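# Reading the structure
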Number of protein chains: 2
Amino acid sequence: MTPEFNLIATYFTRPTQRATLGVGDDCALIAPAHGCELAISTDTLVSGTHFFANADSFKLGHKALAVNLSDLAAMGALPRYVTLALTLPSINPAWLDEFARGFFALAESSGVELIGGDTTRGPLAMTLTVFGEVAAGKALRRDRGLAGDDIWVSGNLGGAAIALKHLQESAAIPKEHIESALACLHTPIPRNSLGCALVGVANAAIDISDGLIADLSHICERSGLAAAVNWPTVPQAPALRSVSPELALTCALAGGDDYELCFTARENRREEIATIGNSAGVALTRIGKMRAGNPHVTVLDAHGEPMNIPRAGFDHFTP
Amino acid sequence: MTPEFNLIATYFTRPTQRATLGVGDDCALIAPAHGCELAISTDTLVSGTHFFANADSFKLGHKALAVNLSDLAAMGALPRYVTLALTLPSINPAWLDEFARGFFALAESSGVELIGGDTTRGPLAMTLTVFGEVAAGKALRRDRGLAGDDIWVSGNLGGAAIALKHLQESAAIPKEHIESALACLHTPIPRNSLGCALVGVANAAIDISDGLIADLSHICERSGLAAAVNWPTVPQAPALRSVSPELALTCALAGGDDYELCFTARENRREEIATIGNSAGVALTRIGKMRAGNPHVTVLDAHGEPMNIPRAGFDHFTP
């Protein structure tokens, strides 16, 4: 057996329950449940771009899967399968063992089976493709927002962004908030239960990976609507309470990596949504309204006046 | 619009006919045809490992898709969808334009829709995930070989390996064969029509990406059988005719990147298989037999004597 096959056999082969065929052939074989469509998303994490080269590999295994599962959450799709393409500069058993442990811990708690992948030599990076099931025609799409919809977010925003600034030593946060902020950055919890519960209730949805304004802008563009966000209602990570108002604004509105859901829904769904939040164990907050108008996000201060907003969202190709 | 979104809009967004939802949301949405399973495969190509950093990007766009489609061919699955995760050191419009042209030329001729992906900044690499449809329970699996099966290969072998040695200046091939050998290496044609036609006819199948012996060994291991290959019957690339017998043996049996199919079938399928080869326009050659025994490939010379065979197959983590 060659090393590449040893690597897959040692770290990445687990029996599959649901898939017809998992790791070990030219292809995996799956079929979605009756009446369901497959939701599919793919995300790459590259060393030096998305994580530090010396990142804890257990947390990296978690995060690589979490950011992909978050895309399924945003569609309201139930996580089912994942493929993992891993590029490694060399074989480091301790690193791989921890990476696999972090990956499978989240995979198992999310009900996801690893059905295939690839291992190659090169600069450290990983591309995952996730597969979820959603009743045909019921997925939460970006283009389904309606004028008059409430805008909601789950959890709170800005924790990952302030943690990154803390690690880069460009911001100081109180000791008691460091751990929770770093958890937002390194081990985000994808909102899959929430996403599935919102099917048939929410209209449009997206996950907040690039910052609230950037991601809500995508709903605006796709739905052909404007959005107005009331800044005082935006739920902020606890670590933002003690930083400057400008920094809090930047982190909460333009910080990436939060992986909370932003969704829109009719006003008559408010009670139902509150119940869903309680069941899923996550705070859900109304932060604004969708309106007729050119696709654009306006942020309003406590007096209802438009604010100057920070640069909108993380982009890998912005110089 | 941010540069990443510009990049996707400019180069990688085409209307989808079959997918419910293509590029532009958190997930794509698809459903396999009634009675079909989805075959899924993922492969990464890394600059410096799988291709030269200065590789022609049109050919790279073709090859990145071709090597993935080849895995669908090996399962007998009809190509339907693909996702593309592209990691780029910078945005080079000329490079991207050619890459997209090469990619879409093959995608369109293969009936494949691009339904999603990711663009990230980092060392040049690409991970594709392909999706094909195959009638439930009918896929060509590695574990379905039977003792007494004929072993077949499509096309001829060793062209890509000798082309690589030519580029590395470690072997000389006659001028008249250089072009065809380089085409094997840079623009392989995946055997999808053949693979689909073999469903219900062949027993086990694999595509030859790591060399005939390495890949046939996988059928042996999965099927719990030995294989005997008659070297004089193995179809060799024309460029091998004028090189040393040792080099021809190495390239044809242990050279990677050929993307021909190797499959097994009962003896009473020979006529049917000859007809399938004619219809698909590809030579199909019987090269040996599957036998009861420990999983192992034996290569026999013209006198039926076992030969010493070269190192078996390409592995990214062999030092």
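Preceding block: the structure.
Residues numbered from 1 in each chain as written. Chains lettered and ligands numbered in written order. Predicted model: local features only at pLDDT ≥ 70, side-chain atom pairs only at ≥ 80, totals over all residues. Heavy atoms only, no water.

In screw terms, the move from chain A to chain B is a rotation of 180° and a rise of 0.0 Å along the axis, fitting with an RMSD of 0.0 Å. Viewed as a symmetry operation, the transformation between the two copies matches a two-fold axis. (Least-squares fit on C-alpha atoms with pLDDT ≥ 70 in both.)

Let's shift gears to the side chain of A:T120. Residues and elements named next belong to chain A. Tracing the sequence through the fold places T120 in strand β4 (residues 113-121). Given a relative accessible area of 1%, T120 falls into the buried group. Within the structure, T120 has its side chain in polar contact with the side chain of T87 (distance 2.9 Å). (Helix = DSSP H or I, 4+ residues; strand = E, 2+ residues; numbered from the N terminus. Buried < 20%, exposed > 50% of the residue type's maximum accessible area, 1.4 Å probe, protein only. Polar contact = N/O pair within 3.5 Å; in protein donor to acceptor, adjacent residues only side chain to side chain.)

Core analysis: the largest hydrophobic core is formed by 41 residues, its most contacted members being B:F12, B:L65 and B:M126. Those elements giving two or more residues to this core turn out to be α1 (3-11), β2 (36-46), α2 (57-75), β3 (78-88), α3 (93-110) and β5 (125-135) of chain B. Look past the residues within four positions of B:F12 in its chain and what remains in contact with it is B:L7, B:V23, B:L84, B:L86, B:L96, B:F99, B:A100, B:F104 and B:L114. Ranked by size, the runner-up nonpolar core spans 40 residues in total, among them A:I162, A:L225, A:L247 and A:L253. (Core = buried A, V, L, I, M, F, W, Y, C linked by side-chain atoms within 4.5 Å. Contact = heavy atoms within 4.5 Å.)

It is worth spelling out the interface of chain A and chain B at this point. On the side of chain B, 65 residues touch chain A, which itself brings 64 residues to the contact. When chain A packs against chain B, the two sides together hide about 5,300 Å² of surface, and 58% of this comes from carbon and sulfur. Along the contact surface separating chain A from chain B lie four salt bridges. When the shortest N-O distance is used, the salt bridge between A:D25 and B:R142 registers 3.6 Å. The greatest single-element share of the side of chain A that touches chain B, amounting to nine residues, is contributed by strand β2 (residues 36-46) of chain A. The sheet contact formed by β2(A) and strand β1 (residues 28-30) of chain B spans three bridges and is antiparallel. Bridge pairing in β1(B) places A:I40 opposite B:A28. (Buried area = accessible area lost by both parts, 1.4 Å probe. Salt bridge = Lys/Arg side-chain N within 4 Å of Asp/Glu carboxyl O. Pairing = 2+ DSSP bridges.)

Function cannot be inferred from these measures alone, as they are strictly geometric.
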